[in-house]
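Fold and geometry: a report
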Amino acid sequence: MAKRRASQELVVGADDVDVSAVRITPLGAGQEVGRSCIIMEYQGKRVMFDCGIHPGLQGENSLPFLTNEDLDEIHVALITHFHLDHCAAVPYLLCHTTFKGRIFMTHPTKAIFHTLVSDFANLSGEDALFSKKDVEACMDRIEVIDFDQTILVDGIQITPYRAGHVLGAAMFMITPYRAGHVLGAAMFMVEVAGMRCLYTGDYSRVTDRHLSAADTPPVTPHIVIVESTYGTQLHGPRETRERLFTESISRTVRAGGRVLLPIVAIGRAQELLLLLDEYWARHPQLQGIPIYQASGVARKALNVFATYVAMMNADIQKAINQYHRNPFHFKHVQVLKGGAAIDDCGPCVVMATPSMLQSGLSRDLFEAWCESSSNTVIIADFAVQGTLARDILSSPSHVMSRQGVKLPLRARVEAISFSAHADFDQTRQFLEQLAPPHVVLVHGEFNEMMRLRTALEREAAQKGWTRTLHTPKTDSSIFIPFTQQHTAAVRGRLAEQPAKAGQALRGVLVHQGAADQILHPEDMSTFTKLTVGKVMHRQAVAMSKPFSEVRLALEVMFEGIEGSGCLPVKSVHPAAAADGSSSSSGQPPEGEQAVCVGDIVMVRYRPGNPALGYESHVVLEWAGGSKGDVVADAVLAVLLQAAGEPSGAAKAEAARQAALAAGDVAGALHAEMQLAGLLLAAQFGPVVVSEAAGQIRMQVDGVEVVVDHVHGKVACDAEPLRLRVEKVLQRITEALRPCALDFED
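First things first, this report covers the structure right here in the doc. (Residues numbered from 1 in each chain as written. Predicted model: local features only at pLDDT ≥ 70, side-chain atom pairs only at ≥ 80, totals over all residues. Heavy atoms only, no water.)

1. Some remarks on the overall build of the chain
In terms of helices and strands, the chain carries 18 helices and 35 strands. Each of the 745 residues in the chain was classed as buried or not, and the buried ones make up 51%. Sequence-distant contacts in the chain: of pairs separated by 6 or more residues, those separated by 24 or more amount to 65%. About 34,600 Å² of surface is accessible on the chain, with carbon and sulfur atoms providing 50% of the total. (Helix = DSSP H or I, 4+ residues; strand = E, 2+ residues; numbered from the N terminus. Buried < 20%, exposed > 50% of the residue type's maximum accessible area, 1.4 Å probe, protein only. Contact = heavy atoms within 4.5 Å. Areas by Shrake-Rupley, 256 points an atom, 1.4 Å probe, with all protein chains shown as cover.)

Written out as structure tokens, the structure reads:
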């Protein structure tokens, strides 16, 4: 193994320092919770993070402010997880707007997204924003990305990280990282021209009964766009919350009451079902009291949970892989189809959707049970402002039914949060680890957001951190200055001598992950997984002159240079390649002779061989590059001058002019084909002119080329060669048929 050499850090040129601004515009979730949709723009690249609806609003009023953005200029949309306030506007975006970019989700998010938004469309009635047909159409456009997978979209580098919020939830740096919020939830890290921006979406840094905590990205972002749902509030220990939750339920059902758990169908529902099923198993006296799961969507989603076990925490994986027990096959939970099934039952626990009590079965059961003081309603998730779930937390004496009837609220209402959103300590510690210079707070109500901003600013001031907080409103933009300074590590033989200010350094700049390095080409395989390759060029030129004249012309040109030296013209064995290695072309043709100009360009002279169907010609070979291309151009010019006019060209041109003067169109076309054939042969080697077919045929490096002279078309299997022949043919045609110039008086 080659020895790794010393290295040093280098700022790449003062001219490479660029001061510009990153635009961030919340089209939703700016000083509010709901309709998450954030636009980030930098260096002409636009990214949309999430596209959800507001659960407290209806119809188009629930959408983000999509009409205020040029959607056709957005390059990519990244959806962090499947909750409706982050994804339910996606079918509208893809089917009813001008958005033409690509859209990405994690695998579990896409799987559950289809079920949730289809159900949302069915339940929306007259206020539906899209149809089920729109949902099916948008599924074809949604692409999937895995955690820690990095992709490049129109110059934007994307990596998702686990967000720890729900299954599949992600933060985006467009590397996805686990967000810890729900199954598949991701954070996304987006990198554009050296600027890194992390969008967390909803995330949690606490491991629960089925999900792992959110990832901490391994690189420092310049900007973090982070949720502020709980502001400076603290959740408290999970064990304490679980005890309060189960004790409240046990107390209610033992007294003959009913417990309503309004819940999001997927995410917290599975977490609480795991808790209740385990509690019922430990308390046999409760096993005669039913636990009902009233969501068909949640029931369907359990298949997805079973599929993506690898994305859950170690306890779930151990139960399934080691003990062959599926924790999501609940022994004490029954599936409820409609509220009528429990009209006459006694004490029970019912988990119903939606969590905000705006409609559906949870609203029906709430209105049926709220007048009895024996019953309990537990709000276990974040309650959005403007919803009934939020209203009843203030302990009103009455609530209004959907029919406009005033109902007394006598049932006990408790808030025991199992929300998979980060609290103050989680957010503070997360930002301390990442140390971004700019933090943008979104997905939080105004008061909570301002409390969090004040607390984070105070901490940064006390500890001397460089940190600027931003709290943009929905549909308003902020501009964050970003100074781009390209820094690269100089490694290997280039680092053996200390760099000096103003010194020019020549090497290969390699971008690898978040670091750049400058290497000598021969050190590439030592410090990277790259190897140095060469692009070899070959060009044939028809040559009627003998080899002695060709060599003399080259020697006069290159060995006669005065001043900085000369390029020697050396005799070499015909089997040698242009780079000095053995040729892979096998035995050279009989009589072939070769010289090498300046150890750069190989010139092979091949005498004509009627038996093999080719005339005398010269083949140039050289390795691509600035030096090789310049020398090859000069050699080619010498050879063309030495070759002179193609043999027979003057005769063919004279015949063409005579035919044109006599009005003999057929004769002129015949002579023109002969002349075109001679000119093509000078460029590509021997040709066969077929006047009857109107075609000129030739073999170039073993590839057959057919020129339709009448229509000016070229047929060839090798696309680069076809384009090259077309260009030569175009120039020949322009020379033979100059356009007429009309002059106006």
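2. Observations regarding the pattern of salt bridges
Counted by the stated rule, this structure contains 37 salt bridges. Here Arg-428 and Glu-432 are joined by a salt bridge, their closest N and O atoms 3.8 Å apart. Taken together, the residues Arg-428 and Glu-432, both in helix α11 (residues 424-434) and four residues apart, mark about one turn of the helix. Among the residues examined, Glu-432 registers a relative accessible area of 35% and is labelled partly exposed. For the salt bridge of Lys-570 with Asp-599, the shortest nitrogen-to-oxygen distance reads 3.6 Å. A residue pair is termed long-range when its members are at least 10 positions apart, and Lys-570 in strand β28 (residues 569-572) and Asp-599 in the loop between β29 (593-597) and β30 (601-606) qualify at 29 residues. (Salt bridge = Lys/Arg side-chain N within 4 Å of Asp/Glu carboxyl O.)

3. Details of the sheet that holds strand β34 (residues 703-708)
Ordered by their spatial adjacency, four strands build an open sheet running β32-β33-β34-β35, and the pairing between neighbours is antiparallel. Sheet topology places β32 (687-690) and β35 (713-716) at the edges, where each strand pairs with a single neighbour. Pairwise comparison of adjacent strand axes, ignoring direction, gives a mean angle of 20° for this sheet. In this sheet, β35 lies alongside β34 in antiparallel orientation, the contact comprising four bridges. Bridge pairing in β35 links Asp-708 to Lys-713. The strands touched by helix α17 (residues 665-684) within the sheet are β32, β33 (695-700) and β34, with β33 carrying the most contacts at an inclination of about 10°. (Pairing = 2+ DSSP bridges. Axes fitted to C-alpha atoms, helices over the stretch in contact; angles between N-to-C directions.)

4. Re the side chain of Gln-517
For Gln-517, the position within the fold is in strand β26 (residues 515-519). Classification of Gln-517 as buried rests on a relative accessible area of 7%. A polar contact of 2.9 Å, which involves the side chain of Gln-517, links it to the side chain of Arg-491. (Polar contact = N/O pair within 3.5 Å; in protein donor to acceptor, adjacent residues only side chain to side chain.)

5. Observations regarding the packing of aromatic side chains
One pass over the structure, following the stated rule, counts nine aromatic pairs. Consider the rings of Tyr-203 and Phe-430, whose centres lie 5.1 Å apart with planes at 40°: the pair is tilted. With Tyr-203 in the loop between β11 (195-199) and β12 (223-227) and Phe-430 in helix α11, this pair connects stretches of sequence that are 227 residues apart. Phe-430 shares its class with Tyr-203; the two are buried. A centroid spacing of 6.4 Å and a plane angle of 85° characterise the contact between Phe-328 and Phe-330, whose relative ring orientation is edge-to-face. Classification of Phe-330 as buried rests on a relative accessible area of 14%. The ring of Phe-418 carries the charged tip of Arg-241 above its face, separated from the ring centre by 5.7 Å. (Phe/Tyr/Trp six-rings, centres within 6.5 Å; stacked < 30°, edge-to-face > 60°. Lys NZ or Arg CZ within 6 Å of the ring centre and 35° of its normal.)

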